[in-house]
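Next come the chains, spelled out residue by residue.
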Amino acid sequence: NREQREAVTYGVKNGVVKQHPPLLIIAGAGTGKTETMATRTGHLIACGAKPSEMLVAVFTRRASKELVARAQKAISDAQRGTSVHLPYAGTFHSIAYGLLNEFGAHVGLGKKFTILDREDAADLMNLVRSRSDQTERKKAFPQTDMCCAMHSYSRNACLSLKATLRKRYPGWKRFAKPLAKIFASYAAAKRAQNAVDYDDLLELFACLLQHPKVGDQLRGRFRYVLIDEFQDTNRLQFKILKLLKPDGRGLTVVGDDAQAIYSFRAATVKNIREFPKSFKSPAKVISLTRNYRSTIPILRASNAVISLSPE
């Protein structure tokens with residue numbers, strides 16, 4: 001439809017893609033946002049963007065595969081069967097992992113570093129917790145899962161431990177000091193093993209972008225950055241985008257400002273609401289409002305519920 005076409009072709013003039021001001025596509029469920037995002041990716045490449053210059057991030061591996069498959073089809077349709085590889089398409093974490101394999105030495109990682117999955121990370125947290133002061137363990141001290149949740153939330157929300165406890169876990173504020181010691185021991189144990197957890201991938205990605213040489217190299221490499229499901233991003237991921245695209249040029253994000261279901265992972269809908277004024281150049285905002293999935297009574301009921309929100 002007209003809005004989808006406007007979103008797909010934004011930044012393209014006379015068939016040639018240009019570095020454009022930031023673009024925010026507001027799109028609810030069923031409005032064709034994945035198809036729009038995939039077609040935009042393919043259209044930019046068909047109009048001159050190099051696949052190696054594009055970073056395309058989505059929320060899950062499954063969504064990544066779907067978007068890449070659709071983008072490949074759009075590219076193939078536009079270029080008469082040409083197949084194109086997108087080397088930097090995936091989740092934030094998988095893209096960070098690939099870049100750390102290339103530049104990890106600049107942020108203190110050794111070669112062939114190990115990624116701890118959530119179970120491995122919990123086991124390591126439990127180990128350092130069990131070695132903490134015995135008197136603290138005999139009190140109503142947070143269990144391992146709670147320690148992991150606190151530590152992860154703090155990092156993804158870009159908050160200090162004290163701020164995290166005050167905002168999210170007020171019942172545990174009295175344990176701020178022993179928790180800080182445990183988290184420091186956890187970080188030291190990872191370094192000793194040349195290992196990183198999932199949150200480290202994002203933090204170290206941000207560190208790469210702040211590195212005096214690597215940061216400029218990556219900003220020069222990624223001329224076009226496209227982010228799907230932007231309402232599910234956290235402050236750390238938004239920090240990465242601002243470091244990668246300080247002026248916002250070449251940046252496209254797609255999201256639904258009426259969704260906010262991953263707050264337990266530090267995702268914040270403020271990212272999408274603050275996006276239009278977050279860069280030097282004001283963002284272009286395009287809304288996809290035609291729904292292809294739901295009937296009129298369902299849409300009316302949904303909009304009535306949403307209208308009750310104070311925000």
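Our subject is the structure that appears above.
On a predicted model such as this, the values are computed, not experimentally measured, just so you know. (Residues numbered from 1 in each chain as written. Predicted model: local features only at pLDDT ≥ 70, side-chain atom pairs only at ≥ 80, totals over all residues. Heavy atoms only, no water.)

Undergrad: Is there a simple way to explain the packing of aromatic side chains in this structure?
TA: Given two aromatic rings, one states the distance between the centres and the angle between the planes to describe the pair. With the rule as written, the count across this model stands at 11 aromatic pairs. With a centroid separation of 5.1 Å and an interplanar angle of 75°, the aromatic rings of Phe141 and Phe175 are classed as edge-to-face. Taken as a pair, Phe141 in the loop between helix H6 (134–138) and helix H7 (144–156) and Phe175 in the loop between helix H8 (161–167) and helix H9 (176–192) lie far apart in primary sequence, 34 residues in all. Here Phe141 and Phe175 have matching classes, each one buried. Aromatic pair Phe230 and Phe238: ring centres 5.5 Å apart, planes at 85°, arrangement edge-to-face. Within the aromatic cluster, the residues linked to one another by ring pairs are Phe230, Phe238, Phe275 and Phe279. Lys242 extends its terminal NZ or CZ atom over the ring of Phe238, reaching a point 4.8 Å from the ring centre. (Phe/Tyr/Trp six-rings, centres within 6.5 Å; stacked < 30°, edge-to-face > 60°. Helix = DSSP H or I, 4+ residues; strand = E, 2+ residues; numbered from the N terminus. Buried < 20%, exposed > 50% of the residue type's maximum accessible area, 1.4 Å probe, protein only. Lys NZ or Arg CZ within 6 Å of the ring centre and 35° of its normal.)

Undergrad: So what exactly am I meant to see when it comes to the pattern of salt bridges here?
TA: Between side chains of opposite charge, a pair can form as their charged atoms come close. Per the counting criterion, the structure on display carries 14 salt bridges. When the shortest N-O distance is used, the salt bridge between Arg155 and Asp199 registers 3.9 Å. With Arg155 in helix H7 and Asp199 in helix H10 (residues 198–210), this pair connects stretches of sequence that are 44 residues apart. The same class applies to Arg155 and to Asp199, which are both buried. Residues Asp200 and Arg155 are paired through a salt bridge, measuring 2.3 Å at the closest nitrogen-oxygen approach. Here the residue Asp200 occupies a position in helix H10, and Arg155 occupies one in helix H7, the gap between them amounting to 45 residues. For the pair Asp200 and Arg155, a shared accessibility class is recorded, and that class is buried. Three or more residues are tied together by salt bridges with common partners; here these are Arg155, Lys190, Asp197, Asp199, Asp200 and Glu203. (Salt bridge = Lys/Arg side-chain N within 4 Å of Asp/Glu carboxyl O.)

Undergrad: Teacher, can you tell me more about the sheet that holds strand S4 (residues 54–58) here?
TA: What links the strands of a sheet is backbone hydrogen bonding, and the strands pair in either a parallel or an antiparallel sense. A sheet is described by the order of its strands in space; here six strands give the open sequence S5-S4-S8-S9-S3-S10, paired in parallel fashion. The sheet is open, and its two edges are formed by strand S5 (89–91) and strand S10 (284–288), each paired on a single side. The mean angle between the axes of side-by-side strands here comes to 15°, regardless of whether they run parallel or antiparallel. Strand direction decides the pairing type here: strand S8 (residues 224–227) and strand S9 (residues 251–255), joined by three bridges, are parallel. Following the sheet pairing, Val225 is matched in S9 by Leu251. Contacting strand S3 (23–27) and S10, helix H1 (residues 2–9) crosses the sheet at an angle of about 145° to S10. (Pairing = 2+ DSSP bridges. Axes fitted to C-alpha atoms, helices over the stretch in contact; angles between N-to-C directions. Contact = heavy atoms within 4.5 Å.)

Function cannot be inferred from these measures alone, as they are strictly geometric.
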